[in-house]
Amino acid sequence: MQNEQTSNNKLTTKKSSFSSKLGLVMAAVGGAVGLGNIWKFPYIAGDNGGGAFLIVYLICVLLFGTPLLITEFIIGKQSGRSIYGAFSSISGNKRWQWLSWSCLAATILVTGFYLMVTGWCISYLIDAISGSLVQTEDLTSHFADLSSNSGLLLLYSVIGILLTGSILWFDINKGIERLSKILMPLLFIMMIIMAIRVLMLPDSGIGLKFFFQADFSKITPRIVLAAMGQCFFSLSIGFGALITYGAYMPKDQDIIVTSTQVVILDTLVAVLAGVIIFPAVFAFGLNPAEGPQLVFVVLPSVFAKMHMARLSGIIFFSLLCIAAITSILLLLEIIIAFITDSTSHRKHPINRHKAVVITSIGIFIVCALCILSVCGTPSWLKIAGKNLFEWYDMTTSTFLMPINALATSLFLGWFVPKTIIQQSLATSPFGKSKYGQQLFLFLVRYLVPFFIVAIFINGIIQLGA
Ligand code: PHE
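Description of the structure in this document.

Reading the values: the criteria
Residues numbered from 1 in each chain as written. Predicted model: local features only at pLDDT ≥ 70, side-chain atom pairs only at ≥ 80, totals over all residues. Heavy atoms only, no water. Helix = DSSP H or I, 4+ residues; strand = E, 2+ residues; numbered from the N terminus. Rg over C-alpha atoms; globule rule 2.2 N^0.38 Å. Buried < 20%, exposed > 50% of the residue type's maximum accessible area, 1.4 Å probe, protein only. Contact = heavy atoms within 4.5 Å. Near = heavy atom within 4 Å. Polar contact = N/O pair within 3.5 Å; in protein donor to acceptor, adjacent residues only side chain to side chain. Areas by Shrake-Rupley, 256 points an atom, 1.4 Å probe, with all protein chains shown as cover. Nonpolar A, V, L, I, M, F, W, Y, C, P; charged D, E, K, R; others polar. Axes fitted to C-alpha atoms, helices over the stretch in contact; angles between N-to-C directions. Parallel < 35°, antiparallel > 145°, perpendicular 65-115°, else oblique. Left-handed = near helix turned anticlockwise from the far one by under 90°. Salt bridge = Lys/Arg side-chain N within 4 Å of Asp/Glu carboxyl O.

## Section: the overall build of the protein
Then comes step 1: Secondary structure assignment for the protein yields 21 helices and zero strands.
Then comes step 2: Here the C-alpha atoms of the protein give a radius of gyration of 21 Å, agreeing with the 23 Å that 2.2 N^0.38 yields for 465 residues.
Then comes step 3: C-alpha atoms of the protein, sized along the principal axes, occupy 65 × 50 × 45 Å.
Then comes step 4: Relative to its full complement of 465 residues, the protein shows a buried share of 59%.
Then comes step 5: Of the contacts formed within the protein by residues at least 6 apart in sequence, a portion of 82% connects residues at least 24 apart.

## Regarding the site of the ligand
Then comes step 1: Close to the ligand lie 15 residues; Ala32, Gly36, Tyr114, Phe233 and Ser234 are nearest.
Then comes step 2: For the ligand, a nitrogen atom lies 3.0 Å from a polar atom in the side chain of Ser236.
Then comes step 3: In isolation the ligand exposes 320 Å². Once the protein is present, 100% of that is buried.
Then comes step 4: Mapped onto the shell around the ligand, the elements with two or more residues apiece are α2 (21-32), α3 (35-47), α12 (221-235) and α16 (309-343).
Then comes step 5: Considering only residue class, the shell around the ligand consists of eight nonpolar, seven polar and no charged.

## Digging into the side chain of Thr66
Then comes step 1: Its place among the elements puts Thr66 in helix α4 (residues 51-79).
Then comes step 2: On the basis of relative accessible area, Thr66 is assigned to the buried category, the value being 18%.
Then comes step 3: Apart from the residues lying within four places of it in its own chain, the contact partners of Thr66 are Val61, Ser259, Thr260 and Val263.

## Looking at the packing of helix α11 (residues 204-212) against helix α14 (residues 255-283)
Then comes step 1: Relative orientation of the contacting elements α11 and α14 amounts to 135°, with a least axis distance of 7 Å. Classified by the angle between their axes, α11 and α14 sit oblique to one another. α11 and α14 meet at a crossing whose hand is right-handed. Facing α11, whose interface residues are Ser204, Ile206, Gly207, Leu208, Phe210, Phe211 and Phe212, α14 presents Val271, Gly274, Val275, Phe278, Pro279 and Phe282.
Then comes step 2: A per-class count over the contact of α11 with α14 returns 10 nonpolar, three polar and no charged.

## Examining the packing of α16 against helix α17 (residues 352-375)
Then comes step 1: The contact between α16 and α17 brings their axes to 9 Å, and the two run at 130°. When the axes of α16 and α17 are compared, the pair comes out oblique. Pair α16 / α17 crosses with right-handed handedness. Together, Leu332, Glu333, Ile335, Ile336, Ile339 and Thr340 of α16 and Arg352, Ala355, Val356, Ile358, Thr359 and Ile363 of α17 make up the contact between the two elements.
Then comes step 2: For the contact of α16 with α17, the per-class residue count stands at eight nonpolar, two polar and two charged.

## Concerning the pattern of salt bridges
Then comes step 1: Taken as a whole and judged by the stated rule, the model has three salt bridges.
Then comes step 2: For the salt bridge of Asp393 with Lys40, the shortest nitrogen-to-oxygen distance reads 3.0 Å. Here Asp393 is found in helix α18 (residues 388-415), whereas its partner Lys40 is found in helix α3, with 353 residues between them in sequence.
Then comes step 3: Put simply, Glu333 and Arg352 hold a salt bridge, and the shortest N to O gap is 2.9 Å. One end of the pair, Glu333, is in helix α16; the other, Arg352, is in helix α17, with 19 residues separating them in the sequence. Each of the two residues, Glu333 as well as Arg352, counts as buried.

Here it is, written out as structure tokens:
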């Protein structure tokens, strides 16, 4: 009874958002495609040897992507709950409550640094508009100045959280989804134009070789662990993001097709980002292992070579900011749904508006600590020589996301009645077939958990060595 009440309560607040199937796909794609594809993927790939990383990344996407997205969608759709109540309500026992908290922890930490990087993007957009970006010669020190300017970054993160918080407060996500239906394809087209321009640069072949030529002897357990973490981050796996969206999924939506669409589009954008960045890196004599500033140092040099350099920069950074904002909306939604769901049975439940305020303030604090730590003041915000951005990132990508993904897979495979899984898969012809169902069960029960554990243990051993 309690389950019913809470799920109804939550569904009615957002039901209208996903009146169409395409709406949900676009929202899931909008949430998945973001800084992870355009900012994080290139620098992690650059740090981990390019081609060797790409091949492992694609294998991870194939192996984990679709099955884990399907897993999260099934749990969300069948429970109709946020991550707070999804696991316990679907399995009928409270033993899985830790997983809800672990997903929440991953979401909070990721949102903390995501908002900071969105602030970097906002700053580059403003510089592009003012024209100062095209005139900047030393892009490395330009980025260094920005990332150590705590006052400015705090201001941008306030703007970012006020913007996203207001969108959720006024419940205008539907408008944003409509907008992103137009803007996401535009981002893709813009990236294709940039890729073509980059490929015309002298020496672009060296960069392409770096990115596409897989040297298998270079694959190490550390690279495999990084690829798995990046795959989860980019596809938003291990946060309960798709559980949250699954709860609003139209009944007859084909989960398999939806998941495959999200995986394909997300991967295409990441690979395209690599095709832009690496040829440019080599053409301009930069280092692919630059770290988090990679795209911020490389992209402005690409615009400088394009027709209408200033306008190109403005268009690209506007679209990047929008892609970041749609991802933050999903991240915040996970936390807000958690808060309303977890307090819905109390005498004084926290309503959606209050939850939006609490979440926005909380995330701002987590982000502010991250910004101050990256800027280096106060010095005690660095722990064991690493700043909080590195800690947030490592804790989530290396530990929380793989652990959450592993637990979610085992949970669905072993602790959820088979009939529930069969029923959820039955919306697609392949999922209806005996072969499809057996394959899915084999994946979530054995194959996916086995590989996550193997990659995790090997990677940790090497990290420790
Ligand atoms: N997948 C997003 C990206 O690649 C990040 C994200 C993670 C968004 C979890 C929502 C939930 O940028």
